[in-house]
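The primary structure of each chain is shown beneath.
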Amino acid sequence: MSLEQSYIDRVIARLPREATLREQVAMEVRSHIAERVEHGQSVEQALQQLGDPVTLAESYLAAVPLIPVSFGRRAAAKLLDALAYVAVCAPIVGLVSYRFQFVFGMLVGGVLLALGAFYPLFAEYRYGKTLGKHWLGLRVVRESGGRISFGQSVVRQLPLFLEVFWIDVLFALFTEKHQRAFEILSKTRVVLAMENHS
Amino acid sequence: MVDMASVPAQDDNRRGIERELKRGSLELIVLHLLSQGEAYGYEIVTTLTERTNGSLEVTDGTLYPVLYRLERAGFVAVRWETPQRGVPRKYYRLTHAGEAELARLTHEWNTFARAMAQLLRQQPERT
């Protein structure tokens with residue numbers, strides 16, 4: 001891979017997984033490198049001018065406002081997640097109970113429920129949102145606006161596993177940026193998706 | 001006696017203030033340079049260095065995110081020019097909103113600079 005491409009990849013890796021933003025920044029950085037090369041400078045010199053890729057990515061992100069969302073909208077997203085999950089699991093549990101025994105159905109239901117608890121953890125890490133958040137135009141970011149790490153995604157979901165979910169949620173009603181306690185701890189936020197910015 | 005250990009710290013601090021001042025004025029600088037007509041990134045960087053004999057200098061990494069912010073805010077419009085071969089080039093120009101913002105920031109800057117100059121001219125009063 002070329003020096004230029006690997007630099008651009010490192011910038012992009014820091015941005016949230018929103019295709020338009022990533023394309024814009026990649027195209028822009030590529031064109032600015034080309035400008036210097038056309039004026040007789042080397043790619044290395046151009047990259048030196050652009051500086052550290054992580055810093056550059058965060059500077060670009062600072063240009064994108066993080067718009068907070070209401071508690072109600074977040075609650076609705078959570079409810080939709082739950083409903084979507086039930087819609088997927090209920091037929092399976094029903095089928096197993098009907099086909100075999102009720103107790104098997106309950107067993108399968110229990111396993112699915114346990115697996116479902118891990119869904120937000122992977123979805124938010126991989127896509128920056130769950131289905132419910134996607135439908136309501138929300139996204140999960142670092143406080144700097146960057147993409148969240150796997151560790152941050154784990155910490156965000158800890159209250160569920162530690163069974164302090166409801167206390168944690170109450171924090172979102174009173175904190176300045178409507179963050180749950182474990183969101184403050186993981187330095188993450190839920191904000192309006194970029195395609196919904198006016 | 002001069003405390004040698006404190007010298008680098010002071011130097012760091014001074015650079016910090018310089019950096020803050022520069023960051024606050026970058027938008028004004030960019031809007032001002034674009035008020036003379038459309039330009040692409042490298043032109044803006046080199047024009048700034050030339051006009052100020054190198055005393056105001058920015059790196060690409062500082063300038064381009066500022067341009068991106070101005071673009072998102074609607075103060076700057078962009079146009080991509082695709083050459084026959086090679087990488088498309090991005091041109092920036094001021095919008096009407098950008099001209100208004102430039103006037104506002106210029107006024108703010110001048111008011112601030114006058115007030116500072118006046119303050120710094122005054123002799124400290126002894127009580």
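Visitor: How should I be thinking about the overall build of chain B in this particular structure?
Guide: Looking only at helices and strands, chain B has 4 helices and 3 strands in total. Listed N to C, the secondary structure of chain B is α-β-α-α-β-β-α in terms of helices and strands. With 127 residues in all, chain B has 20% of them scored as buried. Residue pairs at least 24 apart in sequence account for 45% of intrachain contacts in chain B once pairs closer than 6 positions are excluded.

Visitor: Could you clarify how one ought to interpret the overall build of chain A in this entry?
Guide: Helix and strand counts for chain A come out as 11 helices and 2 strands. The order of helices and strands in chain A, counted from the N terminus, is α-α-α-α-α-α-α-α-β-α-α-α-β. In summary, chain A has a C-alpha radius of gyration of 21 Å against a globular reference of 16 Å for 198 residues, an excess of more than 25%. In terms of principal-axis extent, the alpha carbons of chain A reach across some 75 × 40 × 30 Å. Within the span of chain A, comprising 198 residues, buried residues form 29% of the whole. If you take every contact in chain A between residues at least 6 apart in sequence, the share linking residues at least 24 apart comes to 63%.

Visitor: When you look at the interface of chain A and chain B in this model, what are you seeing that I'm missing?
Guide: How large an interface is tends to be reported as the accessible area lost when its parts come together. Taken together, the contact between chain A and chain B spans 17 residues of the former and 16 residues of the latter. Breaking the side of chain A that touches chain B down by element, the ones donating at least two residues are helix H2 (19-38), helix H3 (43-50) and helix H4 (53-62) of chain A. The biggest single contributor to the side of chain A that touches chain B is H2(A), with 7 residues. When the residues that make up the side of chain A that touches chain B are grouped by side-chain class, the tally is 6 nonpolar, 7 polar and 4 charged.

Visitor: What should I look at first to understand H2(A) in this one?
Guide: Each α-helix winds once per 3.6 residues, and so residues spaced three or four apart point in a common direction. With 20 residues, H2(A) ought to run about 28 Å at 1.5 Å a step, and its terminal C-alpha atoms sit 28 Å apart, in line with that. Listed as buried for H2(A) are Val25(A), Glu28(A), Val29(A), Ser31(A), His32(A), Ile33(A) and Arg36(A). Buried residues along H2(A) sit in contact with helix H1 (3-13), H3 and H4 of chain A together with helix H2 (41-51), helix H3 (60-72) and strand E3 (89-94) of chain B. At the C-terminal side of H2(A), Gly40(A) shows a positive phi close to 85°.

Visitor: What am I meant to see in the confidence of the model for chain A here?
Guide: Low-confidence regions, as indicated by low pLDDT, have predicted coordinates that should not be scrutinised in detail. Taken over all residues, the pLDDT of chain A has a mean of 89, while the share at 70 or more is 99%. For chain A, the element scoring lowest by mean pLDDT is helix H6 (residues 102-116) of chain A, at 82; helix H8 (residues 131-135) of chain A scores highest, at 94.

Visitor: Would you mind going over the domain arrangement of chain A with me for this structure?
Guide: Residues and elements named next belong to chain A. Parsing chain A into structural domains produces domain 1 (3-62) and domain 2 (71-196). The C-alpha centroid of domain 2 is placed 33 Å from the C-alpha centroid of domain 1. Each partner contributes residues to the interface: domain 1 has 10 residues there, and domain 2 has 9 residues. Broken down by element, the residue count for the side of domain 1 that touches domain 2 peaks at 4 residues, all from H4. Residues that form the side of domain 1 that touches domain 2 fall into these classes: 6 nonpolar, no polar and 4 charged.

Visitor: Would you mind showing me how to read the packing of H1(A) against H2(A) here?
Guide: Each pair of packed helices can be summarised by the angle the axes make with each other and by the distance between the axes. Residues and elements named next belong to chain A. Taken N-terminus to C-terminus, the directions of H1 and H2 make an angle of 145°; their axes are 10 Å apart at the nearest point. Crossing handedness for the pair H1 and H2: right-handed. In contact with Glu 4, Ile 8, Val 11 and Ile 12 of H1, H2 contributes Arg 22, Val 25, Ala 26, Val 29, Arg 30 and Ile 33. By residue class, the composition of the contact of H1 with H2 is 7 nonpolar, no polar and 3 charged.

Visitor: Would you mind showing me how to read unusual backbone geometry here?
Guide: One can expect most non-glycine residues to show negative phi and most peptide bonds to be in trans. Residues and elements named next belong to chain A. Although it is not a glycine, Glu 163 sits at a positive phi angle of roughly 60°. If you trace the backbone, Glu 163 turns up in the loop between helix H9 (150-161) and helix H10 (165-174). Positive phi outside glycine occurs at Lys 187, with the angle close to 55°. If you trace the backbone, Lys 187 turns up in the loop between helix H11 (181-186) and strand E2 (188-192).

Visitor: For this particular structure, what's the right way to read the sheet that holds strand E1 (residues 39-40) of chain B?
Guide: Each strand in a sheet pairs with another by means of backbone hydrogen bonds, the pair being arranged parallel or else antiparallel. Residue and element names in this part refer to chain B. As summarised here, the arrangement of the 3 strands in space is E1-E3-E2, forming an open sheet in which the pairing is antiparallel. Edge positions in the sheet fall to E1 and strand E2 (76-81), since each has one partner strand and no second. Of the pairings in the sheet, the one linking E2 to E3 comprises 6 bridges and is antiparallel in character. Note on E3: the bridge partner recorded for Trp 80 is Lys 90.

Visitor: What am I meant to see in the nonpolar core here?
Guide: The tendency in soluble globular proteins is for nonpolar side chains to be buried side by side. Counting residues in hydrophobic clusters, the biggest one holds 31 residues, and the most contacted among them are Val11(A), Val30(B), Leu67(B) and Val76(B). Of all the elements in the fold, those that place two or more residues in this core are H1, H2, H3 and H4 of chain A together with helix H1 (6-34), H2, H3 and E3 of chain B. If one sorts the elements of this core by residue count, H3(B) sits on top with 6 residues. Not counting residues up to four positions away in its chain, the partners in contact with Leu67(B) are Val30(B), Val76(B) and Tyr92(B).

Parameters at a glance
- Residues numbered from 1 in each chain as written.
- Chains lettered and ligands numbered in written order.
- Predicted model: local features only at pLDDT ≥ 70, side-chain atom pairs only at ≥ 80, totals over all residues.
- Helix = DSSP H or I, 4+ residues; strand = E, 2+ residues; numbered from the N terminus.
- Buried ≥ 20, exposed ≤ 12 C-beta atoms within 10 Å, placed from the backbone.
- Contact = placed C-beta atoms within 7 Å.
- Rg over C-alpha atoms; globule rule 2.2 N^0.38 Å.
- Nonpolar A, V, L, I, M, F, W, Y, C, P; charged D, E, K, R; others polar.
- Expected span 1.5 Å × (residues − 1).
- pLDDT = per-residue confidence, 0-100.
- Domains from an automatic or database assignment.
- Axes fitted to C-alpha atoms, helices over the stretch in contact; angles between N-to-C directions.
- Left-handed = near helix turned anticlockwise from the far one by under 90°.
- Pairing = 2+ DSSP bridges.
- Core = buried A, V, L, I, M, F, W, Y, C linked by C-beta atoms within 7 Å.

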